[in-house]
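# What the coordinates show
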Amino acid sequence: MEINNNLVQRAQMLLTLEHPLSQVREILLREGYPGEQVTELIEATEEVLNYLIPPEYDENKIGIDILLPGEKAEGRKPTVDILVDKRTGKLSLITPGQQETWKVANEIRKALKIQKYNLQKHFH
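Just so you know, these numbers come straight off a predicted model, no measurement behind them. Sequence order as written defines residue numbering, which begins from 1 separately in each chain. Only residues with pLDDT of at least 70 get local features here, since the model is predicted, and only at 80 or more are side-chain atom pairs given and counted; chain-wide, interface and lining totals rely on the full set of residues. Side-chain descriptors were evaluated using all non-hydrogen atoms of the structure, hydrogens and water having been removed beforehand.

### Observations concerning the pattern of salt bridges
Any carboxyl oxygen of Asp or Glu that lies within 4 Å of a side-chain nitrogen of Lys or Arg is treated as forming a salt bridge with it. Here the structure, examined in full by the defined rule, presents 3 salt bridges. Of the charged contacts in the structure, one is a salt bridge between Arg87 and Asp85, with a shortest N-O distance of 3.9 Å. Note on Arg87: relative accessible area 62%, which makes it exposed. Taking relative accessible area as the criterion, Asp85 reaches 11% and is therefore assigned buried. Here Lys110 ties to Glu107 by a salt bridge, and the two come within 3.3 Å at their closest N and O atoms. Taken as a pair, Lys110 and Glu107 lie in helix H4 (residues 99–123) at a separation of 3 residues, close to a single helical turn. Between buried and exposed lies partly exposed: a residue is buried under 20% and exposed over 50% of the maximum accessible area for its type, with that area taken using a 1.4 Å probe on protein chains only. Strands are runs of DSSP state E lasting at least two residues, helices are runs of H or I lasting at least four, and both sets are numbered from the N terminus onward.

This is the structure:
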């Protein structure tokens, strides 16, 4: 099936604005693009994104994969959404456009603060 060029350009613009694919699908359908073309474009985009290699990280970092609401764990390739430096506790958000990434990052920061406070209290 040939996909409308305007549809492709609009999808690219939405992705550039860091909308998640599920939201891009909803926006395109709401804007009246043909459902069949939208589905084909989104599925092709997901397939391509699954082949991208997550950023490399060394043994001093922990990679965290976030399972998004409604996403099935079976058959899913793990990805890295957040990197945590084991030595410094610094977080790197790999997928900052996803709300869940920020939520998980904030919870990690809280846990690290509590851990740091408990360690300082124990050793002083």
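### A word on the sheet that holds strand S3 (residues 91–93)
If DSSP finds at least two bridges between two strands, the strands pair. Overall, antiparallel pairing links the 3 strands, which are arranged S1-S2-S3 in an open sheet. Looking at strand neighbours, the two that pair on one side only are strand S1 (61–64) and S3, the edges of this open sheet. Across the sheet, the mean angle separating the axes of adjacent strands is 20° when strand polarity is ignored. Two elements, S1 and strand S2 (residues 82–85), share 4 bridges in a ladder whose sense is antiparallel. Following the sheet pairing, Gly63 is matched in S2 by Leu83. Orientation is described by lines fitted to C-alpha atoms, with helices fitted over the stretch in contact, and by angles between N-to-C directions that extend from 0 to 180 degrees.

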